[in-house]
Amino acid sequence: MNLPTYFDYASTTPVRSEVLSKMLPYFSTIYGNAGSNLHHYGWLAQEAIDLSRNQIAAYFNVKPSSIYYTSGATESNNLAIKGYLKGKFKGHLITSIIEHKAVLEIFIQLEKEGYSVTYLTPNEVGQITKDVLTNAIQADTLLVSLMMVNNEIGTISDYVAFKKVCDSHSICFHSDVTQAIGKIKFDLTHLPHLMSFSGHKIYAPKGIGGLIINSNCIINPLFDGGGQERGIRSGTLPVPLIVGLGYAFTFIPEILGFEETLSNFNRKIKEVLLCNFNNHILINSKSPNNISSLLSISIHGVHWEDLFNSLTSIAISNGSACNVKSTNPSHVLMALGHKRDLALSTLRISFSYLTTEQEIDFLIHYLESKLSKLLR
Ligand code: PMP
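What you are looking at is a predicted structure, and each value in this text was computed from that prediction instead of being measured.

Thresholds applied
- Residues numbered from 1 in each chain as written.
- Predicted model: local features only at pLDDT ≥ 70, side-chain atom pairs only at ≥ 80, totals over all residues.
- Heavy atoms only, no water.
- Domains from an automatic or database assignment.
- Contact = heavy atoms within 4.5 Å.
- Buried area = accessible area lost by both parts, 1.4 Å probe.
- Salt bridge = Lys/Arg side-chain N within 4 Å of Asp/Glu carboxyl O.
- Axes fitted to C-alpha atoms, helices over the stretch in contact; angles between N-to-C directions.
- Helix = DSSP H or I, 4+ residues; strand = E, 2+ residues; numbered from the N terminus.
- Parallel < 35°, antiparallel > 145°, perpendicular 65-115°, else oblique.
- Left-handed = near helix turned anticlockwise from the far one by under 90°.
- Expected span 1.5 Å × (residues − 1).
- Buried < 20%, exposed > 50% of the residue type's maximum accessible area, 1.4 Å probe, protein only.
- Near = heavy atom within 4 Å.
- Polar contact = N/O pair within 3.5 Å; in protein donor to acceptor, adjacent residues only side chain to side chain.
- Nonpolar A, V, L, I, M, F, W, Y, C, P; charged D, E, K, R; others polar.
- Core = buried A, V, L, I, M, F, W, Y, C linked by side-chain atoms within 4.5 Å.

Novice: Explain the domain arrangement of the protein chain to me, using residue names and the numbers behind them.
Specialist: What the domain assignment reports for the protein chain is domain 1 (5-13 + 255-374) and domain 2 (17-250). Taking only C-alpha atoms into account, the centre of domain 1 sits 27 Å from that of domain 2. Across the contact, 32 residues belong to domain 1 and 31 residues belong to domain 2. In total, about 2,500 Å² of surface goes out of reach between domain 1 and domain 2, with carbon and sulfur atoms giving 58% of it. For the pair domain 1 and domain 2, the number of links is 0 salt bridges.

Novice: Tell me what's going on with the packing of helix α4 (residues 73-85) against helix α5 (residues 101-112), and back it up with residues and numbers.
Specialist: Close contact between α4 and α5 brings their axes to 9 Å; oriented N to C, the two are set at 30°. With respect to α5, the element α4 is oriented roughly parallel. Where α4 crosses over α5, the two elements pack in a sense that is right-handed. Residues Thr74, Asn77, Asn78, Ile81, Lys82 and Leu85 of α4 pack against Ala102, Val103, Ile106, Phe107 and Leu110 of α5.

Novice: Could you give an account of α4, with specific residues and numbers?
Specialist: Taking 1.5 Å of rise per residue, the 13 residues of α4 would be expected to cover 18 Å, and the 18 Å separating its terminal C-alpha atoms lies within 8% of that figure. Among the 13 residues that make up α4, 11 are buried, leaving the element largely enclosed by the rest of the structure. Along α4, the positions that sit buried rather than exposed are Ala73, Glu75, Ser76, Asn77, Asn78, Leu79, Ala80, Ile81, Gly83, Tyr84 and Leu85. The first or second residue beyond α4 is Gly87, which carries a positive phi of 85°.

Novice: Break down the site of the ligand for me, citing the residues and quoting the values.
Specialist: Close to the ligand lie 13 residues; Thr74, Asp176, Gln179, Ser198 and Lys201 are nearest. One nitrogen or oxygen atom from the side chain of Thr74 is found 2.6 Å from an oxygen atom belonging to the ligand. At 3.1 Å, a side-chain N or O of His100 approaches a nitrogen atom of the ligand. Partitioning the shell around the ligand into residue classes produces 3 nonpolar, 8 polar and 2 charged.

Novice: Summarise the nonpolar core; cite the residues concerned and give the values.
Specialist: Phe60, Ile181, Phe186, Leu245 and Phe249 are the most contacted members of the largest nonpolar core, which totals 67 residues. Each of two domains, domain 1 (5-13 + 255-374) and domain 2 (17-250), supplies a minimum of three residues to this core. Beyond its immediate chain neighbours, meaning those up to four positions away, Phe249 contacts Gln55, Ile56, Tyr59, Phe60, Ile181, Phe197 and Ile202. If you look at the next biggest cluster of nonpolar residues, it comprises 26 residues, including Leu262, Ile281, Leu295 and Leu307.

Novice: Mind laying out the packing of helix α10 (residues 259-277) against helix α14 (residues 357-374), listing which residues take part and the relevant values?
Specialist: Taken N-terminus to C-terminus, the directions of α10 and α14 make an angle of 20°; their axes are 10 Å apart at the nearest point. The angle between α10 and α14 falls in the class roughly parallel. Crossing angle aside, the handedness with which α10 passes α14 is right-handed. Together, Phe265, Lys268, Ile269, Val272, Leu273, Asn276 and Phe277 of α10 and Glu357, Ile360, Asp361, Leu363, Ile364, Leu367, Glu368, Leu371 and Ser372 of α14 make up the contact between the two elements. For the contact of α10 with α14, the residue count by class is 10 nonpolar, 2 polar and 4 charged.

Novice: For the pattern of salt bridges, give the residues involved together with the corresponding values.
Specialist: Across all of its chains, the model carries 10 salt bridges by this definition. With its nearest N and O atoms 3.1 Å apart, the salt bridge here joins Lys163 to Asp167. Here the residue Lys163 and the residue Asp167 both occupy positions in helix α7 (residues 159-168), the gap between them amounting to 4 residues, near one helical turn. The exposure class assigned to Lys163 is buried, which follows from its relative accessible area of 10%. In this structure, Lys268 and Glu357 form a salt bridge, with 2.8 Å as the shortest nitrogen-oxygen distance. With Lys268 in helix α10 and Glu357 in helix α14, this residue pair connects regions lying 89 residues apart in the sequence. Using a relative accessible area of 43% as the deciding quantity, one classes Glu357 as partly exposed.

Novice: Explain unusual backbone geometry residue by residue, including any values.
Specialist: Following Leu3, the chain continues to Pro4 via a peptide bond in cis, the omega torsion being -10°. Backbone geometry places Ser170, a non-glycine residue, at a positive phi of 50°. Looking at the element boundaries, Ser170 is found in the loop between α7 and β6 (172-176). Positive phi outside glycine occurs at Tyr203, with the angle close to 70°.

Dropping the structure here:
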């Protein structure tokens, strides 16, 4: 077993070995530019991209032409939201206070530019309800952006209901689905109009992701250039990364087959911690609609610096990886009503189909022994 043992799959995953093998020739021997349409090297690159696009499209049951490659979810969110609003009047927008910073910061910027934004707040189990969304809609609402699975506490949103609400008001519905792929089975009949995702959360490489435009929401490009991706996202396509992304999608059904194992792991960790430290533990992942590969717990009675300084043999996060180096508490946990210190004393444990029973047992015993000392 590797030490520190990895329990941070929600922040990133390793590239699957089969995926890496598929990618490698595209760095060295099949190195053409897909834009070179006059020779064999370019054709091979284009063929590889077409295959990847088909693999992703097959997974979502959407048209291959609805997929646009980007550098990852951050860029896709920017392209979806700003690209949709470009040229429109400065109307009303809806998002939530528990979105990832890669969405939240866009709305904070848009607000400065003159849009009015409603930030929906979650209920006590971290869910945004359909009623809260419905009540927020105004006559001039242009766009709703609500994530499908929360990256810090793992709640699965009621995106089917959100989609129906948006459809009934002819509002464009964007969702950051980065944490949902490989974690939940999508309802393919009610997919959001716009979906953003990153490859590195699904055993594909970092630096590649996509935006799916599964609707007639028109997206305008955010920058000018060679007109790749049907003019929506200029820039030479990174063929090896695209090959890896498409191939990674073909393994998602297999990964979803580990659901029961992950759910047992989750239950086991929760039960042992609650049994031994009941008065000191607060479970943040408490919605009945939660992914099974993520467990967020906050710990009373220990300073967060002492907590993280002592947990050296496990690789975990205290919220989202983007917040880990800051002493700012997580905005998601604060939205759930946590005080600053409690929010900072939070362990986000995330595991995957690669996690073994032995690793979970190690984690449990390790946390038991460390917390017993810290809480003494
Ligand atoms: N959205 C969500 C929900 C995420 O979890 C992440 C990664 N932490 C991002 C967006 C940003 O992804 P990337 O850094 O790959 O652009």
